[in-house]
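# What the coordinates show
Below, each chain spelled out in residue letters.
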Amino acid sequence: MTYTVAVAGCTGYAGGEVLRLLLQHPEMKIGALTGNSSVGDLLGMHQPHLAPLADRQVVATTPENLAGHDVVFLALPHGASAAIAEQLPAEVLVVDAGADFRLEDPALWERFYGSPHAGTWPYGLPELPGQREKLAGTRRIAVPGCYPTSATLALLPAVASRLVDASQLSIVAASGVSGAGKTAKPHLIGAEVMGNATAYGVGGVHRHTPEIIQNLSSVTSAAVNVSFTPVLVPMPRGILATCSAPVLDGVDTARARQTYKETYGDEPFVDVLPEGSWPQTAAVLGSNRTTVQVVVDDAAGRLIAIAALDNLTKGTAGGAIQSMNIALGLPEAAGLSTLGVAP
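Here's what I pulled together on the structure shown here. (Residues numbered from 1 in each chain as written. Predicted model: local features only at pLDDT ≥ 70, side-chain atom pairs only at ≥ 80, totals over all residues. Heavy atoms only, no water.)

Our next topic: helix α10 (residues 313-328). Residues spaced three or four apart along an α-helix point in a common direction, a consequence of the helix completing one turn every 3.6 residues. For α10, which comprises 16 residues, the first-to-last C-alpha distance of 20 Å sits more than 12% below the rise-based estimate of 22 Å (1.5 Å per residue). Gly319 marks where α10 bends most, by close to 40°. Among the 16 residues in α10, 16 count as buried, and that is most of the element. Gly329 occupies a position one or two residues after α10 and carries a positive phi of about 75°. (Helix = DSSP H or I, 4+ residues; strand = E, 2+ residues; numbered from the N terminus. Expected span 1.5 Å × (residues − 1). Bend = angle between axes of the 7 residues up to and from the residue. Buried < 20%, exposed > 50% of the residue type's maximum accessible area, 1.4 Å probe, protein only.)

What the 6 strands build is an open sheet, ordered β3-β2-β1-β4-β5-β6; its pairing is parallel. Each edge of the open sheet carries a strand with a single partner, namely β3 (59-60) and β6 (140-142). Both strand β1 (residues 3-8) and strand β4 (residues 71-74) contribute to a ladder of 4 bridges, which runs parallel. Bridging from a neighbouring strand, Val5 pairs with Val71 of β4. Of the strands in this sheet, β1, β2 (28-35) and β4 are in contact with helix α1 (residues 13-22), which crosses β1 at around 160°. (Pairing = 2+ DSSP bridges. Contact = heavy atoms within 4.5 Å. Axes fitted to C-alpha atoms, helices over the stretch in contact; angles between N-to-C directions.)

For the rest of this paragraph, the subject is the nonpolar core. Ranked by internal contacts, the top residues of the largest apolar core, which has 41 residues, are Val159, Val164, Leu169, Ile171, Tyr260 and Leu303. Residue assignment for this core shows that the elements contributing at least two residues are α6 (146-160), β7 (169-175), α8 (209-217), β9 (226-232), β10 (239-246), α9 (253-264), β12 (290-297) and β13 (302-309). Ranked by residues supplied to this core, first place goes to α6 with 9 residues. Sequence-distant contacts of Val164, that is, excluding residues within four places in its chain, are made with Ala158, Val159, Leu169, Ala245, Pro246, Val247, Leu248 and Leu303. In this structure, Cys10, Met28, Phe73 and Met324 belong to the second largest nonpolar core, which totals 32 residues. (Core = buried A, V, L, I, M, F, W, Y, C linked by side-chain atoms within 4.5 Å.)

Moving on, we come to unusual backbone geometry. Note the cis peptide between Ala342 and Pro343, where omega equals 0°. Relative to the helices and strands, Pro343 is located in the segment after α10.

Should the charged atoms of two oppositely charged side chains come close, the side chains can pair. Using the criterion set out here, one finds 8 salt bridges in the structure. Glu127 is paired through a salt bridge with Lys314; the nearest N and O atoms lie 3.0 Å apart. Here Glu127, found in the loop between α4 (106-113) and α5 (131-135), pairs with Lys314, found in helix α10; they are 187 residues apart in sequence, far enough to count as distant. Close ionic contact of Glu332 with Arg132 constitutes a salt bridge, the shortest N to O distance being 2.9 Å. On the criterion of sequence distance, the pair formed by Glu332 in the segment after α10 and Arg132 in helix α5 is long-range, its members being 200 residues apart. A single salt-bridge network, built from bridges that share partners, covers Glu17, Arg20, Arg237 and Asp310. (Salt bridge = Lys/Arg side-chain N within 4 Å of Asp/Glu carboxyl O.)

Further remarks concern the sheet that holds β10. Taken together, the 7 strands give an open sheet; going across it, the order is β8-β9-β7-β10-β13-β12-β11, and neighbouring strands pair in mixed fashion. Across the chains shown, the open sheet's two edge strands, defined by having one partner strand only, are β8 (198-199) and β11 (270-272). The strands touched by α6 within the sheet are β7, β9, β10, β11, β12 and β13, with β10 carrying the most contacts at an inclination of about 35°.

Our next topic: the packing of α6 against α10. In contact at an axis separation of 8 Å, α6 and α10 are set at 100° when each is read in the N-to-C sense. In terms of orientation, α6 and α10 fall into the roughly perpendicular class. Touching Cys146, Thr149 and Leu153 of α6 are Lys314, Gly315 and Thr316, all from α10. Across the contact of α6 with α10, the residue classes break down as 2 nonpolar, 3 polar and 1 charged. (Parallel < 35°, antiparallel > 145°, perpendicular 65-115°, else oblique. Nonpolar A, V, L, I, M, F, W, Y, C, P; charged D, E, K, R; others polar.)

And the structure:
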């Protein structure tokens, strides 16, 4: 069976990555490509790497243009998806790559995003326990944030198996500039970014903080607290998340590695690396693969877990298509690859 797919926000980084992956999907036929300021343009003006779609015209993001498709991807700014989604039929699979439907707590949404909470949809991180069952057959999917995907996959086995004190989680994650979107911003121009690394959203104010806490709280009855510091680094794409927490009594590297290997042994897109090998963003470029390594720092009494992924693929579009496949009953890996691009 072939499914028709529309992509709203097709000229942005997330929308472009969704289209790149859909072009490789054996069951998908790409329909409407919609945008806002780019209406009337040919897609090739904005996404020159998508040669098969270069001559397609961008149309307005309206319910009418999105109607008649089996699947609709919303790669829109935060707060823009809800109004469109509520006008789409219930039988259409709507996959929101924005934040609108990720959080379960309305108060946290309003605190971090400053607008009314639109609701909560099934969360598109299949590696969370029980999540595949929630995604199967659904017609609404909330795609995780890229930082929460990396941090959750780094810490999930440690928190779920009570290897660490989950009330003292520390996460420092370095991300490429594509995570900030394609809209022109002075602090993201080449002269500001090249040769420069800078922290931002420091002190518990980054919008992905409650999402990370929500994910890890779902696998433990213990209190979860997170100190999250994102760092912008001069590369186009990729995230390297370095996470740590105090270990509980009796936890050493051997036990930690065994726990991680058991947790991810059957996961198609998460690899626990061999001992002594460390995640690299370049190794996962363009792939839906996440690499993870874990060690216990005995001197400090802390577990260190590091994860690397491509923020646009597994961190956004790849995770979205992986979840779409589950919802439609297709092979989970359809249209996705664990092969990176080098150099």
